[in-house]
Each structure stands twice: as structure tokens, then as C-alpha cells.
Amino acid sequence: MSRLAANDRIRVSSNFFWAKGAMGTVALPPPEVVAISGPWQGGLTRREKSALGEATVYWVWFDEPQFDADGDGPYRGGQIHEDAMTLMP
């Protein structure tokens with residue numbers, strides 16, 4: 001079961017590797033992302049393996065477009081690790 005739900009408002013940790021401190025909304029990933037990444041569990045999460053290890057990720061639409069860790073962007077949305085998000089009231 002997902003810890004977060006679609007339309008939950010979140011803040012990205014200031015210690016995450018990108019979108020540091022960004023506010024956003026959890027959402028279903030766009031069809032273009034699903035076409036590349038494959039199905040998302042319950043349509044909302046997927047397990048991602050990377051140099052950072054394995055993590056559950058959600059798609060987040062940012063309130064303000066964000067640059068990634070390499071300075072590319074700005075991006076209106078992106079995958080954010082579950083443990084890097086704080087649910088906002």
C-alpha cells in the first residue's frame with residue numbers, strides 16, 4: 001500500500017539530490033513516462049534501482065519548475081523518492 005495518495009501536497013527534503021525544498025503535488029505519472037518506465041504499482045509508485053540504491057518513487061508536479069542535480073531543466077514534474085517527501089497539512 002502506498003504511503004501517499006494522488007493529490008497529496010508534499011515538500012521535497014532539502015537534503016535530496018534535486019528539487020531541494022520544492023513544494024508539489026503527488027500525481028499519476030504522465031503516459032509518456034509510463035511508456036518509458038513501464039507500469040507503476042497501483043498506477044502511483046514504482047521501485048527504482050539507481051546508484052543511490054533501491055527506492056520507492058512517486059511522480060510529483062512541482063509548484064515551481066525545478067532544475068535537476070546536473071543543472072538541466074527546469075522540469076515541471078519528476079520522480080521523487082518516497083523517503084525524501086514530507087506530507088504537508
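Remember, it's a predicted structure, so these values are computed and weren't measured experimentally.

Q: Would you mind showing me how to read unusual backbone geometry here?
A: Between Gly-73 and Pro-74 the backbone carries a cis peptide bond, its omega angle lying at 5°. Along the chain, Pro-74 turns up in the loop between strand S4 (53-66) and strand S5 (75-81). Its identity as a non-glycine residue notwithstanding, Ala-19 has a phi of 55°, on the positive side. Its location among the elements puts Ala-19 in the loop between strand S1 (9-12) and strand S2 (23-27).

Q: Can you help me understand the packing of aromatic side chains in this one?
A: For any pair of aromatic rings, the description consists of the separation of the ring centres together with the inter-plane angle of the planes. Applying the stated criterion to the full structure yields 4 aromatic pairs. Considering the side-chain rings of Trp-18 and Phe-62, the 5.3 Å spacing of their centres and the 90° angle between planes classify their relative orientation as edge-to-face. Placement of the pair is Trp-18 in the loop between S1 and S2 and Phe-62 in strand S4, with a sequence separation of 44 residues. As far as the burial class goes, Trp-18 and Phe-62 line up, both buried. A centroid spacing of 5.5 Å and a plane angle of 75° characterise the contact between Trp-59 and Trp-61, whose relative ring orientation is edge-to-face. These aromatic residues form a ring-pair network of at least three members: Trp-18, Phe-62 and Tyr-75.

Q: I keep staring at the side chain of Gln-66 and nothing clicks. Help me out?
A: Within the element layout of this structure, Gln-66 appears in strand S4. For Gln-66, a relative accessible area of 16% puts it in the buried group. Only 2.8 Å separates the side chain of Gln-66 from the backbone oxygen of Glu-64, close enough to count as a polar contact. Excluding anything up to four places from it in sequence, Gln-66 contacts Trp-18, Ala-19, Ala-22, Asp-72, Gly-73, Pro-74 and Tyr-75.

Q: What am I meant to see in the side chain of Gln-79 here?
A: Take Gln-79: it is sitting in strand S5. Within the structure, the side chain of Gln-79 is placed 3.0 Å from the side chain of Arg-46, a separation counted as a polar contact. Beyond its immediate sequence surroundings of up to four residues, Gln-79 is in contact with Trp-18, Trp-40, Arg-46, Glu-48, Val-57, Tyr-58 and Trp-59.

Conventions we followed
Residues numbered from 1 in each chain as written. Predicted model: local features only at pLDDT ≥ 70, side-chain atom pairs only at ≥ 80, totals over all residues. Heavy atoms only, no water. Helix = DSSP H or I, 4+ residues; strand = E, 2+ residues; numbered from the N terminus. Phe/Tyr/Trp six-rings, centres within 6.5 Å; stacked < 30°, edge-to-face > 60°. Buried < 20%, exposed > 50% of the residue type's maximum accessible area, 1.4 Å probe, protein only. Polar contact = N/O pair within 3.5 Å; in protein donor to acceptor, adjacent residues only side chain to side chain. Contact = heavy atoms within 4.5 Å.

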